[in-house]
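# Observations on the three-dimensional arrangement
One-letter residues, chain by chain:
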Amino acid sequence: MSAENLHVGVIGATGAVGVELINVMFDRKFPVGELTLFASERSAGKTVETKFGTKTVALFSVEEAKQCDIVFLAVSGDFAKEYAPKIAEGALVIDNSSAFRLNDDVPLIVPEINGHLAKTAKLIANPNCTTAIAAVALWPLHQAFGLKKVIVSTYQAASGAGQPGMNELREGLAAGLAGKPVPAEVFSSPLAFNVIPHIDTFQENGYTREEMKVTWETRKIFGAPDLPVSCTAVRIPTERTHSEAIVVETEKVVTPEAAREVLAKAKGVKLVDDPANNKYPMPLTATEQYDVEVGRIRTNLIFGDHGLELFVAGDQLLKGAALNAVQIAEASIAD
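Read on for an overview of the structure. (Residues numbered from 1 in each chain as written. Predicted model: local features only at pLDDT ≥ 70, side-chain atom pairs only at ≥ 80, totals over all residues. Heavy atoms only, no water.)

### Observations concerning the overall build of the protein
- Secondary structure assignment for the protein yields 10 helices and 14 strands.
- Across its three principal axes, the protein shows a C-alpha extent of roughly 60 × 55 × 40 Å.
- The buried share among the 335 residues of the protein stands at 51%.
- Taking the contacts inside the protein whose residues are at least 6 apart along the sequence as the reference set, 65% of them involve residues at least 24 apart.
- Entry remark: accessible area of the protein is about 15000 Å², with carbon and sulfur atoms responsible for 51%. (Helix = DSSP H or I, 4+ residues; strand = E, 2+ residues; numbered from the N terminus. Buried < 20%, exposed > 50% of the residue type's maximum accessible area, 1.4 Å probe, protein only. Contact = heavy atoms within 4.5 Å. Areas by Shrake-Rupley, 256 points an atom, 1.4 Å probe, with all protein chains shown as cover.)

### So, the pattern of salt bridges
- Evaluation of the coordinates by the stated rule reveals 16 salt bridges.
- In this structure, Lys148 engages Glu249 in a salt bridge whose closest nitrogen and oxygen atoms are separated by 3.9 Å. Taken together, the positions of Lys148 in strand S9 (residues 147–156) and Glu249 in strand S11 (residues 242–250) put the pair 101 residues apart, joining distant regions of the chain.
- The class of Lys148 is partly exposed, set by a relative accessible area of 38%.
- By relative accessible area, Glu249 is classed as buried at 12%. (Salt bridge = Lys/Arg side-chain N within 4 Å of Asp/Glu carboxyl O.)

### Let's talk about helix H7 (residues 209–222)
- With 14 residues, H7 extends 20 Å from end C-alpha to end C-alpha; this agrees with the ideal 20 Å at 1.5 Å per step.
- Of all 14 residues that make up H7, 10 are buried, and the element is covered over most of its length.
- By the burial criterion, the buried members of H7 are Glu210, Glu211, Met212, Lys213, Val214, Thr215, Glu217, Thr218, Ile221 and Phe222.
- Those residues of H7 that are buried are in contact with helix H4 (111–114), helix H5 (129–145), S9 and strand S10 (229–235). (Expected span 1.5 Å × (residues − 1).)

### Some details on the nonpolar core
- If you look at the biggest cluster of nonpolar residues, it comprises 57 residues, and the most contacted ones within it are Ile87, Val150, Phe222, Ile246, Val294 and Leu310.
- Looking at this core element by element, the count peaks at 10 residues for H5.
- In this structure, Ile246 is in contact with Ala134, Leu138, Val150, Ile151, Val152, Leu308, Glu309, Leu310 and Val312, ignoring residues within four places of it in sequence.
- Judged by nonpolar contacts, the second largest core, of 43 residues, contains Leu21, Ile22, Met25 and Ala158. (Core = buried A, V, L, I, M, F, W, Y, C linked by side-chain atoms within 4.5 Å.)

### Things to note about the state of the cysteines
- In this structure the tally under the stated criterion is 0 disulfides.
- In this structure Cys231 is a free cysteine whose sulfur lies 11 Å from that of Cys129, the closest cysteine sulfur available.
- Under the relative-accessibility criterion, Cys231 is labelled buried at 1%. (Disulfide = S-S within 2.5 Å.)

Here it is in structure tokens:
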């Protein structure tokens, strides 16, 4: 594949992730020679304003998509399962759904960790947003000190459910402030003025699928199939950017100072760790930022000198989705 004037297709271009994909490609000067936005008959023929100019939405077909160099999928897992392998016969497919993440023959990529896998693949899975944000912070610590156990508690924004989730939060806040019933159609319970310890479906072991994705995907990305990872995923009434409190037990002795030194040099990480001046990771400061903020680094009281506690915040629509996908595409064409 030439690294210049690429024909790029986006399926799901009008959704929250699709919009960010287009913006990120433009902002990072990804070599787009031709951009095709695909949709169903319902949306085909409509015009969409993008940073690349006004685009007319094309009717999706496998044959047309196969003519692209790279196709980003920002659609459902069912669509991806049906069409991604067929499109990948001609184009490189980068899929944002969960359809192929755990397939042994499909690489699951966070470019800061295993971007080299993008060079030879034709179908690539983009990780779960929560996993990607955690992985960027945890990987340099794993390399330096060896992770023995990982315990994650997430604080996930409405944007994890896409534009409908963000809309429901706004509507719920307005309704609640007006003394009216708060809607709960996108989420299992009203999200406004609430937190919901339930994301995705519950599994037989009592965890939700969202929580198990963090376990399964982290192991695959790190190439550590037996790494103990446990997660509790909670939806909170913020619009954008996921936060996570993470506890790790390490193989080697670790200090907060040593961890800060490692993280300060890590790709994709912004060290924000000055509690004395109220500087720590937050959705308000991490939103629309490429790097994952990491801070509140301290010795864990349970694991002592073999343990750390930290807090991270990362934009779910960027590093948790669109940015990571574009970085995968960049890795696929890198010299």
